[in-house]
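Examination of the molecular architecture
Okay, here's what each chain looks like letter by letter:
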Amino acid sequence: MNLDNFNKLVGQTIMECQRIEHDVKLICAGVLDGDMEQNYRSIEFKSLGEVLL
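Just so you know, these numbers come straight off a predicted model, no measurement behind them. (Residues numbered from 1 in each chain as written. Predicted model: local features only at pLDDT ≥ 70, side-chain atom pairs only at ≥ 80, totals over all residues. Heavy atoms only, no water.)

**Points about helix α1 (residues 3–31)**
This is how the line gets drawn: The secondary structure listing takes helices from DSSP runs of H or I that are at least 4 residues long and strands from runs of E that are at least 2 residues long, numbered from the N terminus. The length a helix should cover is 1.5 Å for every residue beyond the first. Note on definitions: a residue-residue contact is assigned when non-hydrogen atoms from the two residues lie within 4.5 Å. Pairs of N or O atoms are called polar contacts if they sit within 3.5 Å, as long as, within protein, a hydrogen donor faces a hydrogen acceptor (for residues adjacent in sequence, only side-chain-to-side-chain pairs).
When the terminal C-alpha atoms of α1 are compared, their 42 Å separation across 29 residues agrees well with the 42 Å that a helix rising 1.5 Å per residue should span. Among the structural elements, α2 (36–43) and α3 (48–52) are those in contact with the buried residues of α1. One side-chain oxygen at the N-terminal end of α1 lies 3.1 Å from the backbone nitrogen of Asp 4; it belongs to Asn 2.

**Some thoughts on the nonpolar core**
The condition that has to hold: Throughout this description, the term nonpolar core refers to a set of buried Ala, Val, Leu, Ile, Met, Phe, Trp, Tyr and Cys residues connected via side-chain atoms within 4.5 Å. Each residue is assigned to one of three classes by its accessible area relative to the maximum for its type, calculated with a 1.4 Å probe on protein chains only: buried under 20%, partly exposed between the two thresholds, exposed over 50%.
Within the largest apolar cluster, 5 residues are counted, these being Cys 28, Ala 29, Tyr 40, Ile 43 and Val 51. When residues of this core are traced back to their parent elements, those giving at least two are α1 and α2. In contact with Cys 28, other than residues within four places in its own chain, are Ile 43, Val 51 and Leu 52.

**Considerations on a nonpolar patch on the surface**
Operational definition: In this scheme, patches are assembled from residues that exceed 30% relative accessible area and form no salt bridge. Like charges are connected within 9 Å, while nonpolar side chains (Val, Leu, Ile, Met, Phe, Trp, Tyr) are connected within 5 Å. Surface accessibility in these figures is a Shrake-Rupley result with a 1.4 Å probe; residues are shielded only by whichever protein chains are displayed. Salt bridges, as used here, are contacts in which a Lys or Arg side-chain nitrogen is within 4 Å of a carboxyl oxygen on Asp or Glu.
There is a patch of nonpolar side chains on the surface, built from Met 1, Leu 3, Phe 6, Leu 9, Val 10 and Ile 14 and spanning about 620 Å² of accessible area. Positionally, Met 1 belongs in the segment before α1.

**Notes on α2**
Because an α-helix completes one turn every 3.6 residues, residues spaced three or four positions apart along the sequence face the same direction. We apply this condition: Here the arc refers to the directions that run from the helix axis out to each C-beta atom.
Three or more residues of α2 are buried, namely Asn 39, Tyr 40 and Ile 43. Mapping the buried residues of α2 onto a view down its axis gives an arc of 100°, with all of them on the same face. Turned more than 90 degrees away from the buried face of α2, the exposed residues are Glu 37, Gln 38 and Arg 41. The elements touched by buried residues of α2 are α1 and α3.

**Here we look at the side chain of Lys 25**
When you line up the elements, Lys 25 lands in helix α1. Setting aside its immediate chain neighbours within four residues, Lys 25 contacts Tyr 40, Ile 43, Glu 44, Lys 46, Ser 47, Leu 48 and Val 51.

Now the structure itself:
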């Protein structure tokens, strides 16, 4: 594996982690009381750790 392939794989891994983080935030927004869209807007820019606390 050369450095370009490694960098591509790392980038793809990070993107997949970000997709998972987004999905978890959507789930959290859905289980909170009130409007899901409003809930999501209130947590959208927080870290996943902050959201899960």
